[in-house]
Amino acid sequence: MLRTVLLGPPGAGKGTQAVRIAEKYNIPHISTGDIFRKNIKEGTELGVKAKEYMDKGDLVPDDLVIEIATTRLLEDDCKNGFLLDGFPRTVYQAEKLDTFLKAHGQKLDIVINLAVGNEELIRRLTGRRVCKLCGAGYHVASMKPKKDGICDLCGSELIQRSDDTEETVVNRIRVYEAQTAPLIGYYDNSGIIANIDGTIGLEHVFNSIVTAIGV
Ligand code: AMP
């Protein structure tokens with residue numbers, strides 16, 4: 001049983017670590033960004049609404065995100081815990097999440113905060129490429145695929161996320177600092193935050209997270 005939130009700026013490695021944590025603790029990985037991207041791909045009404053904000057690097061309105069996240073948390077597979085990646089992103093969302101969990105007799109066990117400096121975030125995000133089909137992540141300089149532009153795992157085309165362009169990335173970091181960074185203090189007050197250096201390499205970051213979780 002583990003109820004956890006992965007916090008950190010865009011490009012801190014939340015998605016990469018989330019997949020591994022979810023696997024180790026056998027809990028669902030819930031990424032609000034992934035839910036929006038799926039809806040955009042499928043052309044749903046939600047997708048059309050979310051895209052407008054995402055392409056600029058702005059946050060999707062709180063009420064919309066809260067509705068999506070809490071609906072997902074009501075699904076059966078969340079009974080024994082969950083890993084939230086990219087939600088909450090504002091203090092308002094965090095308060096609503098707390099209220100929701102309390103109403104269901106639950107609370108967060110730990111909030112993992114991945115810290116990475118701005119220069120490194122920009123390098124990571126603007127160089128990031130993802131597989132169009134399976135979503136596997138690459139980097140043009142530090143995690144090249146074997147064949148240029150082609151996914152090692154499934155052979156599909158690698159693309160750049162439409163919000164990974166330099167202009168949007170700079171705005172996403174600005175938005176993080178203004179709206180999401182205050183969550184560090186919010187969770188620090190509850191004494192459940194673990195601060196992890198996100199620049200020490202994938203394996204070391206993962207091991208530090210497991211140590212912080214402590215089970
Ligand atoms: P991510 O994949 O987590 O980087 O999210 C991509 C984009 O989806 C963000 O830049 C936001 O526009 C939107 N988004 C994802 N999660 C949230 C959230 N909790 N609150 C508001 N917007 C979100």
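Before reading on, note that the structure itself is shown above.
What you are looking at is a predicted structure, and each value in this text was computed from that prediction instead of being measured.

**Q** Quick one: what's the story with the site of the ligand, residue by residue and with numbers?
**A** In the vicinity of the ligand lie 16 residues, with Thr32, Arg37, Asp58, Gly86 and Gln93 positioned nearest. Arg37 places a side-chain nitrogen or oxygen 2.8 Å from an oxygen atom of the ligand. Contact between the ligand and Val60: a nitrogen atom at 3.1 Å from a main-chain N or O atom of the residue. For the ligand, whose free accessible area comes to 480 Å², the fraction covered by protein is 96%. Of all the elements, helix α2 (residues 32-42) adds the most residues to the shell around the ligand, at 4 residues.

**Q** Give a detailed account of the pattern of salt bridges, specifying residues and quantitative values.
**A** Evaluated as defined, the whole model comprises 14 salt bridges. For Glu42, the salt bridge identified is with Lys38, shortest N-O distance 3.5 Å. Taken together, the residues span about one helical turn, with Glu42 and Lys38 both in helix α2 at a distance of 4 residues. Relative accessible area serves as the criterion here: at 51%, Glu42 is assigned to the exposed category. Here Lys38 falls in the exposed class, since its relative accessible area comes to 52%. Taking the shortest distance from any N to any O, the salt bridge between Lys51 and Asp55 comes out at 2.6 Å. Because the salt bridges share partners, they merge into one network encompassing Arg128, Arg161, Asp163, Asp164 and Arg172.

Scoring rules and cut-offs
- Residues numbered from 1 in each chain as written.
- Predicted model: local features only at pLDDT ≥ 70, side-chain atom pairs only at ≥ 80, totals over all residues.
- Heavy atoms only, no water.
- Near = heavy atom within 4 Å.
- Polar contact = N/O pair within 3.5 Å; in protein donor to acceptor, adjacent residues only side chain to side chain.
- Areas by Shrake-Rupley, 256 points an atom, 1.4 Å probe, with all protein chains shown as cover.
- Helix = DSSP H or I, 4+ residues; strand = E, 2+ residues; numbered from the N terminus.
- Salt bridge = Lys/Arg side-chain N within 4 Å of Asp/Glu carboxyl O.
- Buried < 20%, exposed > 50% of the residue type's maximum accessible area, 1.4 Å probe, protein only.

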